[in-house]
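Below are the chains, spelled out letter by letter.
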Amino acid sequence: MKLTLTQNTLLCLVSHAVGFSKPLPDEIYETDWDMLIRAAVRNGVAPLAFTGYVKSGLNDDHNCKLNGKDLRRLKLTWMGLEIPQRKNYQHQLKVLQKITTFYENHGIKVHAIKGYPLSLCYPDPELRTSSDIDIYCGKDYKRSNELMEQKGVKVDYSEHKHSTFSINGIAIENHHSFLNVHAHPSSRLVEQWIEDNLDSHTAILLYLIRHSAENFTASQATLRQVLDCGLYAQRYQDFIDCGILKESAEEAGMIGYMDTVTFICTEYLGFSDSLFPPLNTERETLIRAAADIIEPEFNEEHPSSIPSEIRYKLRRWNKNRWKHDMVYANESLIGSFISQMWSHLLKPSTILYGLKAERSS
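Treat the numbers as computed from the prediction; the structure is a model and nothing was measured.

Participant: I'm lost on the nonpolar core in this one. Help?
Facilitator: For soluble globular proteins, the rule of thumb is that nonpolar side chains tend to be buried together. One finds Leu10, Trp33, Trp78, Leu227, Tyr232 and Tyr257 to be the most contacted residues of the largest nonpolar core, which totals 77 residues. Apart from residues no more than four positions distant in its own chain, Tyr257 is found in contact with Ile209, Ser212, Ala213, Phe216, Ala221, Val226, Ile293, Met326 and Val327. The next biggest cluster of nonpolar side chains, apart from the first, holds 18 residues, and it includes Ile99, Ile108, Cys137 and Ile172.

Listed below in structure tokens is the structure:
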């Protein structure tokens, strides 16, 4: 098994964008560029991929027609994704500063998680895409929500691990916990270790891998999430203990997925293998997982009715069963299914997450 030309080309372009020089595929001129741009958008790396396109030298050959096409129109569309991304980044940064100042004036310490801190690991922070802002207020979670409600801001409590509210058009996820501790017993172990070691770069890297892993099994992880892990590990390599990282991943049962992150980062993106523990998973499985992250095997769109959405989720769960042992190796498949159902029953609105009718409202 091997990656498709489109998948391989996308990885090469992202590699060039973050400062590496992975060799471009020999057949690169046969790449389906429409498909590549769609995959780049879906994976949250479209502006980065265009940067890689330029840095790799492909943009210098003004006379060539890639895959028999004149790329001028495509390139303008692709290039056009960068401007709104930079504007969105600056807007989110101002909103984050506003929230942080507001809470600090009320004696609440805010931890920005994922988004902004991770963007600082990128060569160009503004090119890291993000659709919302994630914050963590620790023991002041309840009070932080109450303060927003006192300001007349509507707070949504329908998710397990965070409340959600909107400031200046930006969604804010105010985390009660880093992970959904109701869906899997192993998530409670990881959650406790993260909360006990908030200032540890090893714990933060474990969180990034676990967060991506849970997306991988439930719906779709993205190349941007994998890239986050690689760039974070590279920036804080002097403060990350690979031995503890491996031990914690084994205890959580997610060595297979951590190996997937390692494999993509080192095999396709150009990161040093010294940043991660040695691989333990078969290469064929890692290639399949890498391909699934870029272009999911289960790629049905969400339906627009409640019964259809429930059937959709059951089909997706069945199709993704092969991923279970990569993330939840210490839990039985049936046990995981039951705990996930219990999690949904505790917050029934999560059953409908992704429903087309809701997303378009």
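After that view of the structure, there is still more to cover.
Participant: Help me understand a nonpolar patch on the surface in this model?
Facilitator: On the surface, Ile306, Ile310 and Leu314 cluster together into a nonpolar patch covering about 250 Å² of accessible area. Positionally, Leu314 belongs in helix H14 (residues 306–319). According to the relative accessible area criterion, Leu314 is partly exposed, its value standing at 42%.

Participant: Please clarify how empty space enclosed by the protein should be interpreted in this entry.
Facilitator: To find the voids left in a structure, one rolls a probe of water-molecule size over its atoms. A complete count under the given rule lists 2 cavities of 30 Å³ or more for this structure. Size it by volume and the largest cavity reaches roughly 170 Å³. Taken together, 17 residues form the lining of the largest cavity, with Gln92, Gly115, Tyr116, Ser130 and Ile133 sitting closest to its centre. Secondary-structure elements contributing two or more residues to the lining of the largest cavity are helix H5 (82–104), strand S1 (111–113), helix H6 (115–119) and strand S2 (132–136). When residues of the lining of the largest cavity are assigned to their parent elements, the largest contribution, 6 residues, is made by H5. By volume, the second largest cavity amounts to about 50 Å³. Together, Lys114, Leu118, Arg128, Leu208, His211, Arg224, Gln225 and Asp228 line the second largest cavity. When residues of the lining of the second largest cavity are traced back to their parent elements, those giving at least two are helix H9 (201–218) and helix H10 (223–235).

Participant: Any chance you could explain the packing of aromatic side chains here in plain terms?
Facilitator: How two aromatic rings sit relative to each other is set out by the distance from centre to centre and by the angle between their planes. A full pass over the atoms with the stated rule returns 13 aromatic pairs. Their ring planes at 55° and their centres at 5.4 Å tell us that Phe102 and Tyr103 sit as a pair that is tilted. When its relative accessible area of 17% is taken as the criterion, Phe102 is described as buried. When its relative accessible area of 0% is taken as the criterion, Tyr103 is described as buried. Pairing Tyr232 with Tyr236 gives two aromatic rings, centres 4.7 Å apart and planes at 45°, and the pair type is tilted. Across the pair, Tyr236 and Tyr232 agree in class, each one buried. Cluster of aromatic residues (ring-pair linked, three or more members): Trp33, Phe50, Tyr53 and Trp78. Just above the ring of Trp322 sits the side chain of Arg288; from NZ or CZ to the centre is 3.9 Å.

Conventions used here
- Residues numbered from 1 in each chain as written.
- Predicted model: local features only at pLDDT ≥ 70, side-chain atom pairs only at ≥ 80, totals over all residues.
- Heavy atoms only, no water.
- Core = buried A, V, L, I, M, F, W, Y, C linked by side-chain atoms within 4.5 Å.
- Buried < 20%, exposed > 50% of the residue type's maximum accessible area, 1.4 Å probe, protein only.
- Contact = heavy atoms within 4.5 Å.
- Patch = residues over 30% accessible without salt bridge, like charges linked within 9 Å, V, L, I, M, F, W, Y side chains within 5 Å.
- Areas by Shrake-Rupley, 256 points an atom, 1.4 Å probe, with all protein chains shown as cover.
- Salt bridge = Lys/Arg side-chain N within 4 Å of Asp/Glu carboxyl O.
- Helix = DSSP H or I, 4+ residues; strand = E, 2+ residues; numbered from the N terminus.
- 1 Å grid on protein atoms, 1.4 Å probe; cavity = no way out; pocket = protein on both sides within 12 Å on 5 of 7 lines; lining within 4 Å.
- Points joined across faces, edges and corners; volume = space filled by probe spheres on them.
- Phe/Tyr/Trp six-rings, centres within 6.5 Å; stacked < 30°, edge-to-face > 60°.
- Lys NZ or Arg CZ within 6 Å of the ring centre and 35° of its normal.

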